[in-house]
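Letter by letter, the chains look like this.
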Amino acid sequence: MLAAITFLFCIFLGRFFYIQLIWEDELHYRALDQWTREIPVHAGRGRILDRNGVLLAGNVAQYGIFARANAVEDAESSAELLSSLIGQPYEDVLKKLTDRTRSEISIVRRTEKETVEQLAAHEIKGVYYARNDARFYPYGSLAAQVIGFTAFDRSGTTGLERFYNEYLAGESGEILFETDLVGVDLEGAAAAYLPATDGLDLRLTIDSRIQALAEDVMARALEEHSAKAARAIVLDPMDFSVRAMVNLPSYDLNDVPRDDLDTLNALSRNCLVSDIYEPGSTFKIVTAAATINEYLKGNPDAIPPNRIFSSARTRTVDGTTIKCWSDHKNGKHANQTLAEALNNSCNPCFVDIALALGKQCFYDYLSAFRFGRATGLDFSGEAIGMLLPGSTIRDCDLARIGFGQTIAVTPLQLACAAASAINGGNYYAPRLVSEICSADGAVREKLNATLVGHTVSPEASAMLSGMLEGVVRDGSGKKAYIEGYRVAGKTGTAQKYENGAIAQGKYVSSFLGYFPADRPAYLALVIVDEPQGGYYGSTVAAPLAKEIFEGIIKIMDLSPREA
Amino acid sequence: MKASKAHERGDLVFLIAVVLLAAYGVVAVYSASYYNAEVQYGDSAFYFKKQLLGFVLGLAAMLGLSFLDYRKLRNLGLPALILSLVLLALVFVPGLGKSNYGATRWIGFGGFTVQPSEIAKLGFVLFTAGYFAKDPARLRTFRGILPVLGAGIAMCVLIMLEPNMSVTMCVGAIMVGMLFLGGIKKRTLALLLVPALLLVPVLIAMEPYRLQRLSAFVDPWASPQEEGYQLIQSLYALANGGFFGTGLFHSRQKFRFLPFAESDFILAVIAEETGFFGVLVLFCAIGVVVWRGMRIANRCEDLFGYMLSAGITLAFAVQSALNALVVSGCIPPTGLPLPLISAGNTSLIVTMAGMGLVLGVSRHTGGHKKHKIYK
């Protein structure tokens, strides 16, 4: 009998041994979770700075107050005190303090430091506070669609706030309080403190001065032309860092219209990246770049730049007639070379070029210029545009693509394609962020320019640039001319489509320009959507680019050079 | 008969071990219960005071009974059995029976509650010992053991109805154990054991909560908030103890995480505060009681004293083991206190009283001869 009892004792003692000495760690780890209640320790969200260190998004110290009904001792007097401190009705506060259905309930999401200091002085049992900073944007609406805004929990909702949230957010810490089963703090128990890791700062490629300047210019244009929208993108064409992105109308990041979702969605959208349009004549830069490059490579199909195009106003392709925007009367658009065709923005010439290159060759260029593909900008929601598949298009489609119709692109895609056509043929991934830094300014990650591919040869690029300089000097881009700064560019006027048909009287006026032509440093694409009255890119958009360039010259203190 | 001085003193080792265990139980109950007592009754010493009272009463009963010549109890078997059965039945009298946690296991007189099943265990031992002592030949025939089986089964049925599975098992084990100690034929024993074992699944199937507990015991994390909760909390306590424990009064699980921390699961708190080492020491002490108890039984010259002390010791050993098996998750959780340690006055007083009877046997055993009555 004793043996049987000894055996029985050995069984459970073995089991105790196993649980207490072998299974111990795993069980202990599980148990830790139930022994403590956490109060989050605020991680400071990283700031967003422009390329010169100007603060674009920062934080204001604020505090959240919350309660644990189970740990509240005198609900009535606590509620009275709290309601007088935070200005909420006594009944509401009392209800929260006695709501035992939830282990934790928020009383105030954000309040000032003084309130919390008064609260701390009273030491109300079961009522806690924790840092809960509010996001602050010193320039309000500046680059609103690029920067984006955050949700109430401080996580990024749109823009760079969202795309780089992982870096900006940091990692919350915790204060662990030892409690009993229902969350009552244990007396004399020490709280464990797990420090928070603050988020990292973003240093943008955006120059807030250029951004402000461009916004100013475009805001005036929006009003002057009673346009639906005015947009601009300024790039460094040598490495595709974005200097400015303007989307107007805009909104104040400190006063986000959260109640009206449709308005919010429309205003917070970075249309330069997420929306597509039919570019029209600015796209001729791409067609010209392709033919020049093919000609220099010795492709016999490519029309030589100095060959005279037919002066006829129309071309008939696949039985459809394509007309020039000009009537070609009185010697207009007669006997043009490629340079003159660009100056005049003559559509038939570009039909000839596209057809001469052929579908295969021309599509290879479209692909190299990354149409129908994302540019790779560090931003969420980039559109890839609309490019008919090469296998299905007819010649009449190819002909129209030659002068920027039957293709839809994002403004960013067009700006980048043009930049690579005139910078010697290098296509980089465009960038908005150049560095990720810790709060002390130490660089944690450097986001260098990455070369994605080559489009044209340096020679072809130089030749094209010379022609585009001519467009501003002698052609349709005259209104962007600045003496001594060698501005080059191309105008565009596109008709808008609505429900598959041309919308009468609705145009997109644009101008894509850069300077100086021989060593491009600033490239701008200016778009005015549905201007009232005059609508030609040459009269509506070109002067805006000029204003922006003049502003840049002033800001950067650039001196003129001889042509 | 002339008893030597040593025998008049009785088995001191047994006495000291029992008193130490019960005293340690008072301390352990305080440690396990003070927080919960403060929250529930506003008095952190609520359970402590009750347990202390039980200890004093239990000690008095133990010492008092140890002076009694146990042989005088030979004829008390039947009245003890009847009293036990009546008390067990009273549980079902409305107004008297007290329910708690879905089971009716107590009877109350005013503010005082008694758990009859605790008394019944002792009553059964008394009856069985007395019955066989009257005519040892009864152990040889099946007919002879029938009244014992009848009494045991009657008790089991009543306890079963409360319901209280673990105490039922305990009584069943005592019954079989005592028959074995008495020396019934092995064939008869097998004849009893096999149907009893077959009955277990039937009993489990009868009450759905038993099946739930059974599955929770296999994987407590399948239902961490329901059936598995108790076992999980017990395991957490054990694991938190490690080898040397968190120190007396430093259990973390007693802060209302572990249900019945002061009663059925007090061993978990002890394991947490004193570690595996403390559990080992505790069961060494329990082992000493069992060893000395069996030694007293074996040294007793008459069958009654032998059966009485062996039965009581067996009940103590079986119950201690069952409780440890529950707390460590070897068998499904059931409501069974750790004798001498767990909070609960009926259990404490009756157990100590029983120990007093065993001590009395040692005190009134004459010679050095070993028990050799049967076979």
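Let me sum up the structure you'll find in this document. Remember, predicted model here, so these are calculated numbers, not experimental data.

Scoring rules and cut-offs
Within each chain, residue numbers correspond to sequence positions counted from 1 in written order. Each chain gets a letter, beginning with A, and each ligand a number, beginning with 1, in the order they are written. For this predicted model, a pLDDT threshold of at least 70 governs which residues receive local features, and a threshold of 80 or more governs which side-chain atom pairs are given and counted, while totals over whole chains, interfaces and linings are taken from all residues. Based on all heavy atoms of the structure, the side-chain values leave hydrogens and waters out of the count. We count a stretch as a helix when DSSP gives it H or I for four or more residues in a row; a strand needs E for two or more, and each element gets its number in order from the N terminus. Buried means the residue's accessible area, taken with a 1.4 Å probe over protein chains only, is under 20% of the maximum for its type, while exposed means over 50%, and partly exposed covers the values in between. Contacts are residue-level and defined by heavy atoms, with any inter-residue pair within 4.5 Å sufficient. Only the protein chains shown count as cover for residues, with accessible areas throughout obtained via the Shrake-Rupley method and a probe of 1.4 Å. Here, a strand pair is defined by DSSP locating no fewer than two bridges between the strands. One less than the residue count of a helix, multiplied by 1.5 Å, gives the span that helix is expected to have. Note that the arc is computed from the directions linking the helix axis to the C-beta atoms. Buried area: the sum, over both parts, of the accessible surface (1.4 Å probe) that disappears when the two are put together. Any carboxyl oxygen of Asp or Glu that lies within 4 Å of a side-chain nitrogen of Lys or Arg is treated as forming a salt bridge with it. Definition of a polar contact: a pair of N or O atoms within 3.5 Å, with one able to donate and the other able to accept a hydrogen when the atoms are protein atoms, and with sequence-neighbouring residues admitted only if both atoms are side-chain atoms. As a working rule, the residues Ala, Val, Leu, Ile, Met, Phe, Trp, Tyr, Cys and Pro are called nonpolar, Asp, Glu, Lys and Arg charged, and the rest polar, with Gly in that last group. What is meant by a nonpolar core is a set of buried Ala, Val, Leu, Ile, Met, Phe, Trp, Tyr and Cys residues, joined one to another through side-chain atoms within 4.5 Å. A fitted line through C-alpha atoms serves as each axis, taken over the contacting stretch for helices, and the angle formed by two N-to-C directions is quoted from 0 to 180°. Every angle not falling under 35 degrees, over 145, or within 65 to 115 is termed oblique; those three ranges are roughly parallel, roughly antiparallel and roughly perpendicular. Crossings are sorted by hand: turned counterclockwise from the far helix by less than a right angle, the near helix makes the crossing left-handed, and turned clockwise it makes it right-handed.

## Regarding the overall build of chain B
In step 1: Scanning chain B for helices and strands turns up 13 helices and 3 strands.
In step 2: Every one of the 375 residues in chain B was classed for burial, and the buried ones make up 57%.
In step 3: Restricting to contacts in chain B with at least 6 residues of sequence separation, those with at least 24 account for 73%.
In step 4: For chain B, the computed accessible surface area is about 15,200 Å², with 68% contributed by carbon and sulfur atoms.

## Considerations on the sheet that holds strand β2 (residues 48-49) of chain A
All names here are of chain A.
In step 1: An order of β7-β3-β2-β10-β18-β19 is seen for the 6 strands of this open sheet, with the pairing classed as mixed. Every interior strand has two partners, whereas the edge strands, β7 (134-136) and β19 (443-446), have only one.
In step 2: The pairing of β2 with strand β10 (residues 201-204) spans 2 bridges and is parallel. Counted as the bridge partner of leucine 49 is arginine 203 from β10.

## Points about helix α4 (residues 77-90) of chain B
All names here are of chain B.
In step 1: Over its 14 residues, α4 runs 20 Å from end to end, which matches the ideal 20 Å to within 8%, given 1.5 Å per residue.
In step 2: Burial in α4 covers these residues: Gly77, Ala80, Leu81, Ser84, Leu87 and Leu88. Looking straight down α4, one finds its buried side chains confined to an arc of 130°; they lie on one side.
In step 3: Along its buried surface, α4 packs onto β2 (103-109), α5 (116-134) and α6 (142-161).

## Comments concerning the interface of chain B and chain A
In step 1: Counting residues at the interface gives 41 residues for chain B, matched by 29 residues for chain A.
In step 2: Among the residues chain B hides against chain A, the three largest losses belong to B:Tyr236, B:Arg252 and B:Phe276. Together they make up 20% of the total.
In step 3: The shortest N-O distance in the salt bridge between B:Arg252 and A:Glu178 comes to 2.4 Å.
In step 4: Our count for the chain B to chain A interface comes out at 13 residue pairs in polar contact (both at pLDDT 80 or more).
In step 5: Elements represented by at least two residues in the side of chain B that touches chain A include exactly α7 (165-182), α10 (229-241), α11 (266-299) and α12 (303-327) of chain B.
In step 6: Top element by residues in the side of chain B that touches chain A is α11(B). It accounts for 12 residues.
In step 7: When the residues that make up the side of chain B that touches chain A are grouped by side-chain class, the tally is 29 nonpolar, 10 polar and 2 charged.

## Notes on the nonpolar core
In step 1: In this structure, A:Phe12, A:Phe16, B:Phe132, B:Leu282, B:Phe283 and B:Leu308 are the most contacted members of the largest nonpolar core, which totals 122 residues.
In step 2: No other element matches α12(B), which puts 18 residues into this core.
In step 3: By size, the runner-up hydrophobic cluster in this structure holds 99 residues, among which are A:Tyr137, A:Phe149, A:Tyr277 and A:Ala289.

## Description of the packing of α6(B) against α7(B)
All names here are of chain B.
In step 1: Between α6 and α7, the least distance of the axes is 8 Å, while the angle of their chain directions is 170°. The angle between the axes of α6 and α7 places the two elements in the roughly antiparallel class. Facing α6, whose interface residues are Ile145, Val148, Leu149, Gly152, Ile153, Met155, Cys156, Ile159 and Met160, α7 presents Met165, Val167, Thr168, Val171, Gly172, Met175 and Leu179.

## Observations regarding the sheet that holds strand β1 (residues 36-41) of chain A
All names here are of chain A.
In step 1: Pairing is antiparallel across the open sheet formed by 3 strands, whose spatial order is β1-β8-β9. In this open sheet, the two strands that pair with only one neighbour each are β1 and β9 (192-194). Each strand axis lies, on average, 20° off the axis of its neighbour in the sheet, ignoring direction.
In step 2: Summarising the sheet, strand β8 (residues 173-178) and β9 pair through 3 bridges and their orientation is antiparallel.

## Focus: the packing of α11(B) against α12(B)
All names here are of chain B.
In step 1: Between α11 and α12, the least distance of the axes is 9 Å, while the angle of their chain directions is 160°. As summarised for this structure, α11 and α12 are arranged roughly antiparallel, according to the angle between their axes. Handedness of the crossing formed by α11 with α12: left-handed. In this structure, α11 uses Leu267, Ala268, Phe283, Ile286, Val289, Val290, Gly293, Met294, Ile296, Ala297 and Asn298 to contact α12, whose residues at the interface are Tyr306, Ser309, Ala310, Thr313, Leu314, Phe316, Ala317, Ser320, Asn323, Ala324 and Val327.
In step 2: In terms of residue class, the contact of α11 with α12 is built from 16 nonpolar, 6 polar and no charged.

Worth remembering: the numbers are spatial, not functional.
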